[in-house]
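Listed below are the residues making up each chain.
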Amino acid sequence: LGLAAGAPDQSRRAADPGPGRRYQRSGLLMSRAGSRGTTAPGPLGGYWRVVLVGVLIAGTYGFHGSSGSTGLGPLRVAFTLLFMGFGPGLAMIGLLRLDDLVLEISLALALSIGLEMVMATGMVMVNHWEPNDEVLAMAALAAIGAAVQVAQVTRLRQRVSSSRTEPSNQEQ
């Protein structure tokens, strides 16, 4: 019947957080501006997705003219595959400010593949199947998403810095 034999394992249950404390939610319902702070850890703060998308776009087009004879062909293929696999999705998923990195990356992969399938299907339907044009359209979409992310993170940081200075002004 799917029931485990014996008493339930008490060590696997969450400990009581104590009086006045609540369980911390994670996943889709918790934003980065919640109880963990205002920015993601690391030297890039909330801009890591924008930097990663920029590096992937630069690598995709930086090695675009290289052929297999120069030895940079595999590098061009790697950058293009990584960009097409994660670039457009990372640029769009970052706007949701999810809390779970694994969820964010898996949704970015799924969204990138979905966007590219829709774009490729549309290009085939209008008899304009050009892979280079699809990469260009995805790069433009990713650049727009990254620019909107920069504006979002900048507004969030300004809001947090203004909320930190307000209580000190009220005390005086």
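You'll find the structure just up there.
All values reported here derive from a predicted model rather than from experimental measurement.

K.L.:
Help me understand a nonpolar patch on the surface, please; the structure alone is not making it clear to me.
P.N.:
On the surface, Leu109, Ile113 and Met117 cluster together into a nonpolar patch covering about 270 Å² of accessible area. Looking at where Ile113 falls in the secondary structure, it is placed in helix α3 (residues 101-125). Looking at Ile113, the relative accessible area reads 40%, which means it is partly exposed.

K.L.:
What should I look at first to understand helix α1 (residues 48-62) in this one?
P.N.:
Along an α-helix, residues three or four positions apart point the same way, because every turn accommodates 3.6 residues. An ideal rise of 1.5 Å per residue puts 21 Å on 15 residues; α1 measures up with 20 Å between its terminal C-alpha atoms. Of the positions making up α1, those classed as buried are Arg49, Val50, Val53, Leu56, Ile57, Gly59 and Thr60.

K.L.:
Sorry if this is basic, but what is going on with unusual backbone geometry here?
P.N.:
For residues other than glycine, phi is negative in most cases, and the peptide bonds are mostly trans. Even without glycine at this site, Asn127 takes up a positive phi of about 55 degrees. Along the polypeptide, Asn127 turns up in the loop between α3 and α4 (131-171). Given the relative accessible area of 73%, Asn127 is considered exposed.

K.L.:
Even after reading the chapter, I still don't get the side chain of Ser112, so can you show me in this structure?
P.N.:
Along the polypeptide, Ser112 turns up in helix α3. For Ser112, a relative accessible area of 0% puts it in the buried group. Non-local contacts of Ser112, meaning those with residues more than four positions away in its chain, are made with Met84, Gly85, Phe86, Gly87, Pro88 and Gly89.

K.L.:
Is there a simple way to explain the environment of Ala137 in this structure?
P.N.:
Tracing the chain through its elements places Ala137 in helix α4. Judged by its relative accessible area of 27%, Ala137 falls in the partly exposed class. Note: C-alpha distance between Ala137 and Glu116 (21 residues apart in sequence) is 9.4 Å.

K.L.:
What am I meant to see in the packing of α1 against helix α2 (residues 73-93) here?
P.N.:
When two helices pack together, their arrangement is given by the angle between the helix axes and by the axis-to-axis distance. The N-to-C vectors of α1 and α2 enclose an angle of 145 degrees; their axes lie 9 Å apart at closest approach. Note that α1 runs across α2; the crossing there is left-handed. The segment α1 lies against α2, with Trp48, Arg49, Leu52, Val53, Val55, Leu56, Ile57, Gly59 and Thr60 engaging Phe79, Thr80, Leu82, Phe83, Gly87, Leu90 and Ala91. Grouping the amino acids of the contact of α1 with α2 by side-chain chemistry returns 11 nonpolar, four polar and one charged.

K.L.:
Even after reading the chapter, I still don't get the environment of Leu95, so can you show me in this structure?
P.N.:
Of note, Leu95 is situated in the loop between α2 and α3. On the basis of relative accessibility, which here comes to 26%, the residue Leu95 falls in the partly exposed class. On a C-alpha basis, the gap between Leu95 and Val150 in space is 9.5 Å, while along the polypeptide they are 55 residues apart.

So, how was this worked out
- Residues numbered from 1 in each chain as written.
- Predicted model: local features only at pLDDT ≥ 70, side-chain atom pairs only at ≥ 80, totals over all residues.
- Heavy atoms only, no water.
- Patch = residues over 30% accessible without salt bridge, like charges linked within 9 Å, V, L, I, M, F, W, Y side chains within 5 Å.
- Areas by Shrake-Rupley, 256 points an atom, 1.4 Å probe, with all protein chains shown as cover.
- Salt bridge = Lys/Arg side-chain N within 4 Å of Asp/Glu carboxyl O.
- Helix = DSSP H or I, 4+ residues; strand = E, 2+ residues; numbered from the N terminus.
- Buried < 20%, exposed > 50% of the residue type's maximum accessible area, 1.4 Å probe, protein only.
- Expected span 1.5 Å × (residues − 1).
- Contact = heavy atoms within 4.5 Å.
- Axes fitted to C-alpha atoms, helices over the stretch in contact; angles between N-to-C directions.
- Left-handed = near helix turned anticlockwise from the far one by under 90°.
- Nonpolar A, V, L, I, M, F, W, Y, C, P; charged D, E, K, R; others polar.

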